[in-house]
Structures are given as C-alpha cells and as structure tokens.
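Structural description and commentary
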Amino acid sequence: MSTAPGLFVCFEGGDGAGKSTQVRLLAEALERAGRDVLVTRQPGGTPLGARIRELVLHGDHVSPRAEALLFAADKAHHVDELIRPALAGGRVVVIDRYTDSSIAYQGAGRDLGADEIRQLQHWAVGGLFPDLTVLLDVAPEVGRARRGDVHDRLESEADAFHAAVRQGFLDLAAREPDRYVVVDAALPPEEIHDRVMSRLADVLAGRP
Ligand code: TYD
C-alpha cells in the first residue's frame, strides 16, 4: 500500500484519557491492513524533541509564554523532520498529541488565549493539520484517578486547570465537527477503538 496517499491521525485529550492504548490499537489495526504506520508523540519523537520534553515537563518552573514556545519549537522540528517526510512517502502517521494540546493546555489552561496559541501553532507546523483528530474526553477527576501518581509539571496542576483544558478541547472539536470524533474516554477501550475505526472508514471513503 506504499502508493496510498499519506494519512494523518491524531489523538488528543486530557491526562489519563487512555490515548496511548488507543494509539497502539489503531496502529496495530492499520498494520494488519497492510499500511506502513509511523507512531509518534509530542512533545518528543525526535532527539531534539526528547530534550525539549525533558525541559518542559520535568524541569523547574517555566514561564507560561516560554512553555508555549517550547511546545511550539518541538512541533516545528517534529513536523519537518518526521511527519511531512512520512506523509510524503505515503505512510500513515498516528500521533499522540498535536497542536490542539497546546491550544487547550497553554491557551485555555494557562490562559494565554486560544486564538494567539492557535496562530503560534499554525505557524510552527506550517499549516499541516490531521485528517482526523480523535478527542478522548475525560473528566478531570477520572483522569486524575487513572493516571495515579502525579509525574509531570502539567499533570500536577489542579482540577480547575484540567477542567479548562477539557473545555478547550471540546470547543476545538465543536468548531470543526468534520475533522473530529469525540469519544467518552470512560468507555471500554475496545468500544472506543471500534468507534475510531468506523469514523476513519468514513474519512477514507470521502478521500479522492
Ligand atoms: P503526554 O505525552 O500525554 O504525557 P505522558 O505520556 O507523560 O502521560 O503529555 C505530556 C504533557 O504535555 C501533558 O500534560 C500535556 C502537555 N502538553 C502541552 O501542555 N502542550 C502541548 O503542546 C503538548 C504536545 C503537550
């Protein structure tokens, strides 16, 4: 299937939403169907991204604007180095977090303004957006219970921060219903996966 056009699928949602399980299930299903799949995540995914990840998630205090710029720098590099070449080669890219995470966490959570962060992210990724974004919607208290011990700067924020992030994601999905599927993260993983597959089939059917 290497002649198939590239396909870009993104998983978004609050901490503890179960994204990594869904990324794995989708990648396995696509590989079984004969697709060449690149699984990656943000922040991270490249050697520079891994260093940015360490700085922004596990370092000392980072001012909100610096945090937004670090996440944007990770994306700019990641898109140029990995994502565009993979899509140009006809691969499927399945990514754990992308631009919406910044719009929700830095824009809504940190209160930097969703529109400004959207512009920053748009510039950073050169206007490359997913064919489909799966939003795993999770209530802050459910996410907190699921992720167990707090282990990074963002996860350790209060429930009010995570509630603003959740609303930020829902607002994005509501703006572009054709490009999103919103699924309740409390559903059993197999049922979530089935919904993702069925929506992806619709997206593929609508492609030239
Ligand atoms: P994630 O990789 O999902 O965490 P982990 O795998 O360690 O559970 O995400 C790391 C954190 O980074 C998460 O709290 C969301 C945050 N984040 C932003 O604030 N902005 C961004 O642009 C991205 C990509 C992530």
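Before any of the text, the structure's been laid out above.
Here's a quick rundown of the structure.

Cut-offs used in this document
- Residues numbered from 1 in each chain as written.
- Predicted model: local features only at pLDDT ≥ 70, side-chain atom pairs only at ≥ 80, totals over all residues.
- Heavy atoms only, no water.
- Salt bridge = Lys/Arg side-chain N within 4 Å of Asp/Glu carboxyl O.
- Helix = DSSP H or I, 4+ residues; strand = E, 2+ residues; numbered from the N terminus.
- Buried < 20%, exposed > 50% of the residue type's maximum accessible area, 1.4 Å probe, protein only.
- Arc of directions from axis to C-beta.
- Contact = heavy atoms within 4.5 Å.
- Near = heavy atom within 4 Å.
- Polar contact = N/O pair within 3.5 Å; in protein donor to acceptor, adjacent residues only side chain to side chain.
- Areas by Shrake-Rupley, 256 points an atom, 1.4 Å probe, with all protein chains shown as cover.
- Expected span 1.5 Å × (residues − 1).
- Pairing = 2+ DSSP bridges.
- Axes fitted to C-alpha atoms, helices over the stretch in contact; angles between N-to-C directions.
- Parallel < 35°, antiparallel > 145°, perpendicular 65-115°, else oblique.
- Left-handed = near helix turned anticlockwise from the far one by under 90°.
- Nonpolar A, V, L, I, M, F, W, Y, C, P; charged D, E, K, R; others polar.
- Core = buried A, V, L, I, M, F, W, Y, C linked by side-chain atoms within 4.5 Å.

**Examining the pattern of salt bridges**
- Taken as a whole and judged by the stated rule, the model has 13 salt bridges.
- Measuring nitrogen to oxygen at the nearest pair gives 3.0 Å for the salt bridge that ties Arg110 to Glu67. With a gap of 43 residues between them, Arg110 in the loop between helix H4 (99-109) and helix H5 (114-124) and Glu67 in helix H3 (residues 64-88) connect regions that are remote in the sequence.
- With its nearest N and O atoms 3.1 Å apart, the salt bridge here joins Arg195 to Glu191.

**Concerning helix H6 (residues 140-147)**
- Those residues of H6 that sit buried are Pro140, Gly143 and Arg147. In an axial view of H6, the angular spread of the buried residues amounts to 65°, which keeps them on one side of the axis.
- Along its buried surface, H6 packs onto helix H7 (159-175).
- Remark: Gly148 follows H6 within two positions and exhibits a positive phi of approximately 65°.

**Some details on the site of the ligand**
- The immediate surroundings of the ligand are formed by 17 residues, with Asp15, Arg53, Lys75, Arg97 and Gln106 found nearest.
- Between the ligand and Arg97, the relevant distance is 2.8 Å, taken from an oxygen atom to a side-chain nitrogen or oxygen of the residue.
- Note that an oxygen atom of the ligand is positioned 2.9 Å from one of the side-chain N or O atoms of Gln106.
- Burial of the ligand by the protein amounts to 88% of the accessible area it has alone, namely 560 Å².
- If you list the elements that add at least two residues to the shell around the ligand, you get helix H2 (47-58), H3 and H4.

**Describing H2**
- Between its first and last C-alpha atoms H2 spans 16 Å; for 12 residues at 1.5 Å apiece the expected length is 16 Å, and the two agree.
- Within the sequence span of H2, burial applies to Gly49, Ile52, Val56 and Leu57. The arc that holds every buried residue of H2, seen down its axis, measures 110°, which confines them to one face. The exposed residues of H2 that point more than 90 degrees off its buried face are Pro47, Arg51 and Leu55.

**Some details on the pairing of strand S1 (residues 7-13)**
- For S1, the tally of buried residues reaches 7 of 7 residues, placing the bulk of the element in the interior.
- Summarising the sheet, S1 and strand S3 (residues 92-96) pair through 5 bridges and their orientation is parallel. Considered in S3, the bridge of Val9 is made with Val94.

**Considering the packing of H3 against H5**
- In contact at an axis separation of 8 Å, H3 and H5 are set at 25° when each is read in the N-to-C sense. Classified by the angle between their axes, H3 and H5 sit roughly parallel to one another. Crossing of H3 against H5: the hand is right-handed. Every residue of H5 that contacts H3 at Ala68, Leu69, Phe71, Ala72, Lys75 and Ala76 is listed here: Ile117, Leu120, Gln121 and Ala124.
- The class makeup of the residues in the contact of H3 with H5 is 8 nonpolar, 1 polar and 1 charged.

**Digging into the packing of H4 against H7**
- Remark: H4 packs on H7, axes separated minimally by 8 Å, with the N-to-C direction vectors making an angle of 130°. Comparing their axes, H7 and H4 come out oblique. Classified by chirality, the crossing of H7 by H4 is right-handed. Where H4 abuts H7, its residues Asp100, Ser101, Ile103, Ala104, Tyr105, Ala108 and Gly109 lie against Phe161, Ala164, Val165, Gly168, Phe169 and Leu172.
- Looking at the contact of H4 with H7 residue by residue, the class counts come to 9 nonpolar, 3 polar and 1 charged.

**What to know about the nonpolar core**
- If you look at the biggest cluster of nonpolar residues, it comprises 22 residues, and the most contacted ones within it are Phe11, Leu26, Leu30, Val94, Val134, Leu136 and Leu200.
- For this core, the secondary-structure elements that each account for two or more residues are S1, helix H1 (19-32), S3, strand S4 (132-137), strand S5 (180-184) and helix H8 (189-205).
- Sequence-distant contacts of Leu200, defined by excluding residues within four places in its chain, comprise Leu7, Val9, Leu26, Leu30 and Leu132.

**Observations regarding unusual backbone geometry**
- Cis geometry marks the peptide bond from Gln42 to Pro43, where omega comes out at -5°.
- By the element assignment, Pro43 lies in the loop between strand S2 (37-41) and H2.
- Positive phi is not limited to glycine here, since Arg97 has a value of about 80°.
- Topologically, Arg97 is positioned in the loop between S3 and H4.
- In this structure, Asp111 takes a positive phi of about 70° despite not being glycine.
- Assignment of secondary structure puts Asp111 in the loop between H4 and H5.

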